[in-house]
Amino acid sequence: MDKIYDVIIVGAGPAGLAAGLYAGRSRLSTLIVEKEKDGGQIVQTAEIDNYPGSIEGETGPSLVERFSAQAQKFGAEKIIDTVTDMELEGNPKKIIGQKETYLGKTVILAGGAMPTKIGCPGEDEFTGKGVSYCATCDAAFFEGFEVYVVGGGDAAVEEAMHLTKFARKVTVIHRRDELRAVKAIQEKAFKIENLEFMWNSVVKELSGDGLLSRMVVEDTKSGEQREILADEEDGIFGVFVFIGYKPNTGVLEGKLPLENGYVKTDDDMKTTIPGVFAAGDIRVKSLRQVVTAAADGAIAATQAGKYIENLEG
Ligand code: NAP
């Protein structure tokens, strides 16, 4: 492709689509490169009630559809391609896809991050129907129900503590008999009445009739398996998985400074390479949510516009 875009956005989740909206609306020629469908992680979310202004019954897909339509309305183009390499120094910058190479004066990295999955049967099928990777997003749906948290690190224990404010009982399922979480967090957790621990255990299977209501857990020492069923009146329990997170930064290794795999930026979403910005879950930040991703995208696109103005005097 010979055309040199003002802005190339890699990733069409909330950060990338918000960046597309802001760039398009600023009359910047904009291309969004996405490897599969729009939306990133939120397309797996059955109900969204923490995005400001989202209406009752808002789902991940319905919100994404409007994000996409709005970016397109303002002229952002989109292409489905998997990015295999990037040449980010110099001008134009090259985004190398499986199908083509795309040229841009600026690049916004918005490829997001993915939670590590347990990898057991039923996990994908019941995501959004009992299985969740985000307590901030989904805790309120489990008000008064039983909830299980998988993992033993800081994230698992902190999120389990948060969930105890909603669920009637929270059980942390950990594969060893000792938590990885720091002692200060452990001490707080052990004092909470409705927080229990199931040691030396791994989840082998998740199932149910539409909603998650059955789980098979294996004892890592004895190999013995047991079935956990939802309370009959509840008909569902929650399984929150916090066994690590992986940013989609494989192609950026060696090109940009990364911290635990995440891209470092300043408050203007600038990376260390002039004209290259990062937005959303892919960057080092404290709260990974749709609202913060969208805000990052808006800032990155605005800064990309300023960068081009300076470039072209
Ligand atoms: P983490 O520290 O890597 O812990 C992952 C946990 O999941 C570990 O307990 C691990 O078990 C378990 N695990 C990994 N793979 C598993 C599998 N396939 N099946 C079952 N269990 C599995 O990840 P994290 O808790 O997401 O934290 C990531 C980073 O963010 C850490 O550096 C953490 O300190 C930081 N963080 C900090 C805070 C805070 O300071 N408030 C809050 C959240 C996160 P093992 O222990 O047996 O390996």
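Above this text sits the structure in question.
Residues numbered from 1 in each chain as written. Predicted model: local features only at pLDDT ≥ 70, side-chain atom pairs only at ≥ 80, totals over all residues. Heavy atoms only, no water.

Draft legend 1. View of the pairing of strand S15 (residues 238–241). Covered by surrounding structure in S15 are Gly 238 and Phe 240 together with Val 239 and Val 241, the residues of both alternating faces. Relative to S15, strand S8 (residues 131–132) is paired through 2 bridges, and the arrangement is parallel. Bridge assignment links Ser 132 to a residue of S15, and that residue is Phe 240. (Buried < 20%, exposed > 50% of the residue type's maximum accessible area, 1.4 Å probe, protein only. Helix = DSSP H or I, 4+ residues; strand = E, 2+ residues; numbered from the N terminus. Pairing = 2+ DSSP bridges.)

Draft legend 2. Region of interest: the sheet that holds strand S10 (residues 169–173). Pairing is parallel in the open sheet, where 5 strands are placed in the order S8-S15-S9-S10-S11. Single-partner strands in this sheet number two, and they are S8 and strand S11 (195–198).

Draft legend 3. Up close: the environment of Gly 208. Along the chain, Gly 208 falls in strand S12 (residues 201–209). Separated by 96 residues in the primary sequence, Gly 208 and Gly 112 place their C-alpha atoms 30 Å from one another. If we skip the residues at most four places from it in the chain, Gly 208 touches Phe 126 and Ser 213. (Contact = heavy atoms within 4.5 Å.)

Draft legend 4. Spatial organisation of the site of the ligand. Every one of the 13 residues lining the ligand counts as a neighbour, but Asp 154, Ala 155, Arg 175, Arg 176 and Arg 180 are closest to it. Within the backbone of Ala 155, one N or O atom sits 3.0 Å away from an oxygen atom of the ligand. A total of 910 Å² of accessible area belongs to the ligand in isolation, and the protein chains cover 61% of it. Here the shell around the ligand is composed, by residue class, of 3 nonpolar, 5 polar and 5 charged. (Near = heavy atom within 4 Å. Polar contact = N/O pair within 3.5 Å; in protein donor to acceptor, adjacent residues only side chain to side chain. Areas by Shrake-Rupley, 256 points an atom, 1.4 Å probe, with all protein chains shown as cover. Nonpolar A, V, L, I, M, F, W, Y, C, P; charged D, E, K, R; others polar.)

Draft legend 5. Structural context of unusual backbone geometry. Of note, the bond from Asn 91 into Pro 92 is cis; its omega dihedral lies within 30 degrees of zero at 0 degrees. The residue Pro 92 is located in the loop between strand S4 (83–87) and strand S5 (93–97) in this model. The phi dihedral of Asn 200 is positive, around 45 degrees, even though this residue is not glycine. For Asn 200, the location among the structural elements is in the loop between S11 and S12. Residue classification places Asn 200 among the buried residues on the basis of a relative accessible area of 15%. If you check the backbone angles, Met 269 has positive phi at about 70 degrees while not being a glycine.

Draft legend 6. Spatial organisation of the nonpolar core. Counting residues in hydrophobic clusters, the biggest one holds 29 residues, and the most contacted among them are Val 7, Ile 9 and Ile 108. Counting residues per element, the ones that place at least two in this core are strand S1 (4–10), helix H1 (14–25), helix H2 (60–73) and helix H6 (290–311). Broken down by element, this core gets its largest block of residues, 7 residues, from H6. Those residues within four positions of Ile 9 in sequence are excluded, and the remaining contacts are Gly 16, Ala 19, Gly 20, Thr 30, Leu 31, Ile 32, Val 33, Ile 108 and Ala 110. Ranked by size, the runner-up nonpolar core spans 22 residues in total, among them Val 149, Ala 160, Val 172 and Ala 189. (Core = buried A, V, L, I, M, F, W, Y, C linked by side-chain atoms within 4.5 Å.)

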